[in-house]
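Structure assessment
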Amino acid sequence: MSVKQFQVTFDCAEPVRVGRFWCEVLGYLPPPPPEGFATWEDVKSEEQGSWFACSDPSGVGPRLYFQRVPEGKVVKNRVHLDVRVGTGLVGEERLAALEAECARLVPLGAVRGQLLLADDENESCLNMQDVEGNEFCLD
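This section reports on the structure supplied with the text.

Reading guide: rules and limits
Residues numbered from 1 in each chain as written. Predicted model: local features only at pLDDT ≥ 70, side-chain atom pairs only at ≥ 80, totals over all residues. Heavy atoms only, no water. Pairing = 2+ DSSP bridges. Helix = DSSP H or I, 4+ residues; strand = E, 2+ residues; numbered from the N terminus. Expected span 1.5 Å × (residues − 1). Contact = heavy atoms within 4.5 Å. 1 Å grid on protein atoms, 1.4 Å probe; cavity = no way out; pocket = protein on both sides within 12 Å on 5 of 7 lines; lining within 4 Å. Points joined across faces, edges and corners; volume = space filled by probe spheres on them. Nonpolar A, V, L, I, M, F, W, Y, C, P; charged D, E, K, R; others polar. Buried < 20%, exposed > 50% of the residue type's maximum accessible area, 1.4 Å probe, protein only. Axes fitted to C-alpha atoms, helices over the stretch in contact; angles between N-to-C directions. Left-handed = near helix turned anticlockwise from the far one by under 90°.

Comments concerning the pairing of strand β6 (residues 125-129)
Of the strand pairs in this sheet, strand β5 (residues 111-116) and β6 are connected by four bridges, and their pairing is antiparallel. Across the sheet, Leu116 pairs through a bridge with Cys125, a residue of β6. Note that β6 and strand β7 (residues 135-138) share four bridges and pair antiparallel. Note that in β7 the partner of Gln129 across the bridge is Glu135. Count of turn residues in the β6/β7 antiparallel hairpin: five residues, of which Gly133 carries a positive phi of about 90°.

A short note on helix α1 (residues 15-26)
Relative to the 16 Å expected for 12 residues at 1.5 Å per residue, α1 spans 16 Å between its end C-alpha atoms, a close match to the ideal helical length. Buried residues along α1 sit against β1 (7-12), β2 (51-54), β3 (63-68), β4 (81-83), α2 (91-105) and β7. Residue Gly27 follows α1 closely and has a positive phi angle near 75°.

Considering the layout of surface pockets
Of the voids in this model, the largest pocket is the one considered here, and its volume is about 400 Å³. Lining the largest pocket are 19 residues; nearest its centre among them are Thr9, Phe10, Asp11, Asn77 and Asn134. Those elements giving two or more residues to the lining of the largest pocket turn out to be β1 and β7. In terms of residue count, the dominant contributor to the lining of the largest pocket is β1 (five residues). Of the residues contributing to the lining of the largest pocket, the split by class is nine nonpolar, five polar and five charged.

What about the environment of Pro32?
Positionally, Pro32 belongs in the loop between α1 and β2. On the basis of relative accessibility, which here comes to 66%, the residue Pro32 falls in the exposed class. Sequence separation between Pro32 and Lys76 is 44 residues, and the spatial gap between their C-alpha atoms is 33 Å.

Looking at the sheet that holds β3
Read from one edge to the other, the open sheet built from three strands follows the order β1-β3-β2, with strand pairing classed as mixed. Two strands bound the open sheet, and with one partner strand each, they are β1 and β2. The sheet shows a mean angle of 15° between the axes of neighbouring strands, taken without regard to direction. Here β2 pairs with β3 via four bridges, running antiparallel. From the neighbouring strand, Ala53 faces β3, where its bridge partner is Tyr65.

Considering the packing of α1 against α2
With their axes 11 Å apart at the nearest point, α1 and α2 run at an angle of 145° to one another. Relative to α2, the crossing made by α1 is right-handed. Here Phe21, Glu24 and Val25 of α1 lie close against α2, whose contacting residues are Glu101, Arg104 and Leu105. Residue composition of the contact of α1 with α2, by class: three nonpolar, no polar and three charged.

Okay, structure coming up:
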């Protein structure tokens, strides 16, 4: 039996902040608030702010789930997301797409990392960090 769906879970200090960042990056949307509530801010509970979830509105990409944990990030991620903005592009055209996406994400709180230029085996990519320092690549 094959897996039909999966979600990517982020451990973080501020789930709502990190989740909203990734919504902007990927065009994802949070689920609607429970029936009887106009917004998620209207939902009062002990768990408020301890988690956040969002999904690809097209239903193609995985659900993202953000959960509060007490410990901070200490080392490099062992798994990271590649945001595929340069698929099918090469050379200067690819670099321009990576730089344009970087310019869009930095004002949202992303931190630019190292630009890795194309070599004999790999196309160029740009290392970045999200609002809590989680590594991801513009690819």
